[in-house]
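Single-letter residue listing:
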Amino acid sequence: MSRHAHTITAFAYRIQGSGGQGACIAVQSVLQEHGLCGYTQWVSTEWQFECLSDLEMEQISDLLGDLSQRFKVTVMFSPSLKFGPSVPTGAGLKGAGLSGANLSNTDLHQVDLSQANLAESVLVGANLRQAVLAGADLSGADLSEADLSEADLREANLSAARLDRSVMSRADLSRAILTQAVLDDADLDGAIVTQEQLADARSLRDCSCGRVAIAPNSQ
């Protein structure tokens, strides 16, 4: 597996403001081009949401400009990163540092997380369909019940990861590390993976892997 040449630090923020739905949408539309915006919480006309971005706090304030004063926007570091069910499709977080992040049940459909550090992260039930995870570090991550169908997992490190009841149909696992991974009840139909890779897994109980597309062995 190739080593990470460069890592982007991703910051977790809690964004608060007032002005109702229109104000919240205006702020999110600016920020979502630079990361992921999580589920919004409402209290009357006031709102708050989580934001994961590679921008520093000062850069976010500069980016929001007049919106900050108009909608009384407050930006603070989030004490715990936990996203809700809706984030922009196709967002890019290539090389992001997300070790230990809680992204359970998050829609990460087609998101570019290649070379990202997701070690020990929690992605239970996450939608990672067609996501790009090539070269990502997912060691020790909990991906149980996640949808990884058609995901790009080439050279990903999935050692000791929990993938029980996950869907990886037609995923590309070429040269991915599956050492000590748990694949109980996983759906690997049509996935690109070698028998040698599967042999390294800790458990394959009731795994649907009878129709895998065997990848060529690579050094």
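Residue numbers here run from 1 along each chain, matching the order of that chain's written sequence. Local features are withheld for residues below a pLDDT of 70 in this predicted model, meaning they are given only at 70 or higher, and side-chain atom pairs are given and counted only at 80 or more; totals for whole chains, interfaces and linings count all residues. Based on all heavy atoms of the structure, the side-chain values leave hydrogens and waters out of the count.

Observations concerning the overall build of the protein chain
Here's step 1: Tallying secondary structure elements over the protein chain gives four helices and seven strands in all.
Here's step 2: Scored against the burial criterion, the 219 residues of the protein chain give a buried share of 49%.
Here's step 3: Within the protein chain, counting contacts between residues at least 6 apart in sequence, those at least 24 apart form 29% of the total.
Here's step 4: Accessible surface area values rest on a Shrake-Rupley calculation with a 1.4 Å probe, where residue burial reflects the displayed protein chains alone. Of the roughly 10,300 Å² of accessible surface on the protein chain, 45% is carried by carbon and sulfur atoms. Put simply, DSSP H or I for four residues or longer makes a helix, DSSP E for two residues or longer makes a strand, and each gets a number counted from the N terminus. Burial status follows relative accessibility: with a 1.4 Å probe on protein chains alone, a residue under 20% of its type maximum counts as buried, one over 50% as exposed, and anything between as partly exposed. Every residue pair with non-hydrogen atoms within 4.5 Å of one another is taken to be in contact.

Re the pattern of salt bridges
Between side chains of opposite charge, a pair can form as their charged atoms come close.
Here's step 1: What makes a salt bridge here is a side-chain nitrogen of Lys or Arg within 4 Å of a carboxyl oxygen of Asp or Glu, nothing more. For the structure on display, the rule yields eight salt bridges.
Here's step 2: Salt-bridge contacts for Glu-155 lead to Arg-175; the nearest nitrogen and oxygen are separated by 3.2 Å. Taken together, the residues Glu-155 in the loop between strand 7 (96-97) and helix 4 (195-199) and Arg-175 in the loop between strand 7 and helix 4 connect sequence positions 20 residues apart.
Here's step 3: For Arg-175, a relative accessible area of 38% gives the class partly exposed.

Description of the nonpolar core
Here's step 1: In plain words, nonpolar cores are sets of buried Ala, Val, Leu, Ile, Met, Phe, Trp, Tyr and Cys residues tied together by side-chain atoms within 4.5 Å. If you look at the biggest cluster of nonpolar residues, it comprises 44 residues, and the most contacted ones within it are Leu-113, Leu-128, Leu-133, Leu-138, Leu-143, Leu-153 and Met-168.
Here's step 2: With residues up to four places along the chain from it excluded, the contact list for Leu-143 reads Leu-123, Leu-128, Leu-138, Leu-148, Leu-158, Arg-162, Leu-163 and Ser-166.
Here's step 3: Leu-31, Cys-51, Leu-67 and Val-73 belong to the second-largest nonpolar core, a separate cluster that totals 17 residues.

Notes on the confidence of the model for the protein chain
Here's step 1: Mean pLDDT for the protein chain: 83, with 83% of residues reaching 70 or above.
Here's step 2: Every residue gets a pLDDT, meaning the predictor's confidence in that residue, from 0 to 100. By mean pLDDT, the top-scoring element of the protein chain is helix 3 (residues 66-70) (94), and the lowest-scoring one is strand 1 (residues 8-9) (47).
Here's step 3: In this model residues 1-8 is a low-confidence stretch, pLDDT under 50, and it forms 19 contacts with partners more than four residues away in sequence or in other chains.
Here's step 4: A low-confidence stretch, residues 82-87 (pLDDT under 50), is modelled with 27 contacts involving residues beyond four sequence positions or located in other chains.

Points about the side chain of Ser-114
Here's step 1: Summarising the element assignment, Ser-114 is placed in the loop between strand 7 and helix 4.
Here's step 2: For Ser-114, the residues in contact, after removing those within four places along its chain, are Lys-94, Gly-95, Val-132, Leu-133 and Ala-134.

Thoughts on the packing of helix 1 (residues 20-31) against helix 2 (residues 57-64)
Here's step 1: To define axes, lines are fitted to C-alpha atoms, for helices over the stretch in contact only, and angles between the resulting N-to-C directions are given on a 0 to 180 degree scale. Remark: helix 1 packs on helix 2, axes separated minimally by 10 Å, with the N-to-C direction vectors making an angle of 120 degrees. Here helix 1 is positioned oblique relative to helix 2, judged by the angle of their axes. In terms of crossing hand, the pair formed by helix 1 and helix 2 is right-handed. Contacts from Val-27, Val-30 and Leu-31 of helix 1 reach helix 2 at Ile-60, Leu-63 and Leu-64.
Here's step 2: Residues are grouped as follows: nonpolar covers Ala, Val, Leu, Ile, Met, Phe, Trp, Tyr, Cys and Pro; charged covers Asp, Glu, Lys and Arg; every other residue, Gly included, is treated as polar. Partitioned by chemical class, the residues of the contact of helix 1 with helix 2 number six nonpolar, no polar and no charged. Between 65 and 115 degrees an angle is taken as roughly perpendicular, under 35 as roughly parallel, over 145 as roughly antiparallel, and anywhere else as oblique. Note on convention: the crossing is left-handed when the near helix lies turned anticlockwise from the far helix by less than a right angle, right-handed when the turn is clockwise.

Focus: the pairing of strand 5 (residues 46-53)
Here's step 1: Most of strand 5 is tucked away, with seven of its eight residues classed as buried.
Here's step 2: Two strands are counted as paired when DSSP detects at least two bridges linking them. With seven bridges joining them, strand 2 (residues 11-17) and strand 5 adopt antiparallel strand pairing. Opposite Phe-11, over in strand 5, you have Ser-53 as the bridge partner.
Here's step 3: As judged from the three bridges shared by strand 3 (residues 35-37) and strand 5, these two strands associate in the antiparallel manner. Bridging across to strand 5, Gly-35 finds its partner in Ser-53.
Here's step 4: Of the pairings in the sheet, the one linking strand 4 (residues 41-43) to strand 5 comprises three bridges and is antiparallel in character. Following the sheet pairing, Gln-41 is matched in strand 5 by Gln-48.
Here's step 5: In textbook terms, the turn of a hairpin is the stretch between consecutive antiparallel strands, and for strand 4 and strand 5 this stretch comprises two residues, one of which, Ser-44, has a positive phi near 60 degrees.

Brief notes about helix 1
An α-helix turns once per 3.6 residues; consequently, residues spaced three or four apart project the same way.
Here's step 1: Given a rise of 1.5 Å per residue, twelve residues ought to cover 16 Å, and the 17 Å separating the end C-alpha atoms of helix 1 matches this to within 8%.
Here's step 2: Where helix 1 is buried, its residues meet strand 2, strand 3, strand 4, strand 5, helix 2 and helix 3. For a helix, the expected span equals 1.5 Å multiplied by the residue count minus one.

Some details on the environment of Leu-108
Here's step 1: Position of Leu-108 among the secondary structure elements: in the loop between strand 7 and helix 4.
Here's step 2: Looking at Leu-108, the relative accessible area reads 1%, which means it is buried.
Here's step 3: Between the C-alpha atoms of Leu-108 and Gln-130, which are 22 residues apart in sequence, the distance is 8.9 Å.

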